[in-house]
Amino acid sequence: LADWLKHDAYLLAQQEKYDEAALSCLASINASRAFQGELFLITNLIRIGMHMITLDAMERVLAQGAFKEETLQTVQAALEQESRQDHWLAAIRGERAMWHHMFENVRSGKVKMSKFAGLGVGTGGSLSPRDWFLETFPSALLQYYPDYLRSMNRCVEIAKLPIHERGPKLQEWEADIKTTRNVLTRMLT
């Protein structure tokens, strides 16, 4: 949708209908708001991608012409409102909750560990030795879950920081993940 609206803005700008082109850009911003409150990182990335597409269109339209003062104020207000939104904390909490739910289901036997790990593809309906081991002894991987949860709790605390303080803390967190012996943490983060 954002890509379609971007091309609509391009066409309108080419026709020197700059204010209408701005409305297409605003529609793209509004479309990205459909992802507000979503609790997954991927939807947050999609929203950010839509913003990038919108800004690209806005830059091109402004390079070709000018908006009326009223339109400019509307666009500025919409961009300012979007710049104050921080959806990363909700997305990180959502990811943490999703994996917690998953591991609770593995622990209770509702979900087989081999299916979770993307395995379970044997020949002739039989399990591979690795799949059998994971289904028979799910604790082999579940033992790493508490440390993974602590790592995600740390990420949530980082997400609570003001944006200008997150960078160094995220670098420390990533460095710790790269050196951890916890296979689950390395696999999921």
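The following refers to the structure shown. As the structure is a prediction and not an experimental result, all values here were calculated from the model. (Residues numbered from 1 in each chain as written. Predicted model: local features only at pLDDT ≥ 70, side-chain atom pairs only at ≥ 80, totals over all residues. Heavy atoms only, no water.)

## Points about the pattern of salt bridges
Right, on to step 1. Across all of its chains, the model carries nine salt bridges by this definition.
Right, on to step 2. The salt bridge involving R84 is made with E80; its shortest N-O contact spans 3.6 Å.
Right, on to step 3. A salt bridge links R166 to D86, with the nearest nitrogen and oxygen atoms 2.3 Å apart. Of the two residues, R166 is situated in helix 10 (residues 163-179) and D86 in the loop between helix 4 (69-83) and helix 5 (88-108); the sequence distance between them amounts to 80 residues.
Right, on to step 4. Since its relative accessible area comes to 7%, R166 is described here as buried. (Salt bridge = Lys/Arg side-chain N within 4 Å of Asp/Glu carboxyl O. Helix = DSSP H or I, 4+ residues; strand = E, 2+ residues; numbered from the N terminus. Buried < 20%, exposed > 50% of the residue type's maximum accessible area, 1.4 Å probe, protein only.)

## Regarding the side chain of T180
Right, on to step 1. Position of T180 relative to the elements: it lies in the loop between helix 10 and helix 11 (183-188).
Right, on to step 2. The class of T180 is buried, set by a relative accessible area of 18%.
Right, on to step 3. A polar contact of 3.1 Å, which involves the side chain of T180, links it to the backbone nitrogen of N182.
Right, on to step 4. Those residues within four positions of T180 in sequence are excluded, and the remaining contacts are D147, T185 and R186. (Polar contact = N/O pair within 3.5 Å; in protein donor to acceptor, adjacent residues only side chain to side chain. Contact = heavy atoms within 4.5 Å.)

## Digging into the nonpolar core
Right, on to step 1. I92, F103, M113, Y148, W173 and L184 are the most contacted members of the largest nonpolar core, which has 21 residues in total.
Right, on to step 2. Among the elements of the structure, helix 5, helix 8 (139-142), helix 9 (145-160) and helix 10 are those that each provide at least two residues to this core.
Right, on to step 3. The next biggest cluster of nonpolar side chains, apart from the first, holds 16 residues, and it includes A9, V61, F67 and V75. (Core = buried A, V, L, I, M, F, W, Y, C linked by side-chain atoms within 4.5 Å.)

## A few points about the packing of helix 5 against helix 9
Right, on to step 1. Look at helix 5 against helix 9: their axes get within 9 Å of each other, and the N-to-C directions meet at 165°. On the basis of their axis angle, the class for helix 5 and helix 9 is roughly antiparallel. As helix 5 packs across helix 9, the resulting crossing turns out to be left-handed. Contacts from W88, L89, I92, R93, E95, R96, W99, H100, F103 and R107 in helix 5 reach Y145, Y148, L149, M152, N153, C155, V156, I158, A159 and K160 in helix 9.
Right, on to step 2. A per-class count over the contact of helix 5 with helix 9 returns 13 nonpolar, two polar and five charged. (Axes fitted to C-alpha atoms, helices over the stretch in contact; angles between N-to-C directions. Parallel < 35°, antiparallel > 145°, perpendicular 65-115°, else oblique. Left-handed = near helix turned anticlockwise from the far one by under 90°. Nonpolar A, V, L, I, M, F, W, Y, C, P; charged D, E, K, R; others polar.)

## A few points about helix 10
Right, on to step 1. Taking 1.5 Å per residue as the helical rise, helix 10 with its 17 residues ought to reach 24 Å, and the 25 Å between its terminal C-alpha atoms agrees with that figure.
Right, on to step 2. Bending of helix 10 peaks at approximately 25° at the position of K169.
Right, on to step 3. Taken residue by residue, helix 10 has R166, W173 and I177 as its buried positions. (Expected span 1.5 Å × (residues − 1). Bend = angle between axes of the 7 residues up to and from the residue.)

## Structural notes on the packing of aromatic side chains
Any aromatic ring pair is given by two values, namely how distant the centres are and how the planes are angled relative to each other.
Right, on to step 1. Here the structure, examined in full by the defined rule, presents three aromatic pairs.
Right, on to step 2. Note on W99 and F103: the rings are 6.3 Å apart at their centroids and 40° apart in plane angle, and the pair reads as tilted. Taken together, the positions of W99 and F103, both in helix 5 and four residues apart, correspond to about one turn of that helix.
Right, on to step 3. Since its relative accessible area comes to 0%, F103 is described here as buried.
Right, on to step 4. Clustering of aromatic rings is evident, with ring pairs tying together W99, F103, Y145 and Y148.
Right, on to step 5. A cation sits over an aromatic face here: R60 above Y10, 3.9 Å from the ring centre. (Phe/Tyr/Trp six-rings, centres within 6.5 Å; stacked < 30°, edge-to-face > 60°. Lys NZ or Arg CZ within 6 Å of the ring centre and 35° of its normal.)

## Thoughts on the environment of A78
Right, on to step 1. Mapped onto the elements, A78 comes out in helix 4.
Right, on to step 2. With a relative accessible area of 10%, A78 lands in the buried category.
Right, on to step 3. Distance in space between the C-alpha atoms of A78 and L26 is 7.4 Å, their sequence separation being 52 residues.
Right, on to step 4. Those residues in contact with A78 that lie beyond four places of it in its chain are L26, I29 and R33.

No statement about biological role is implied by the geometric values presented.
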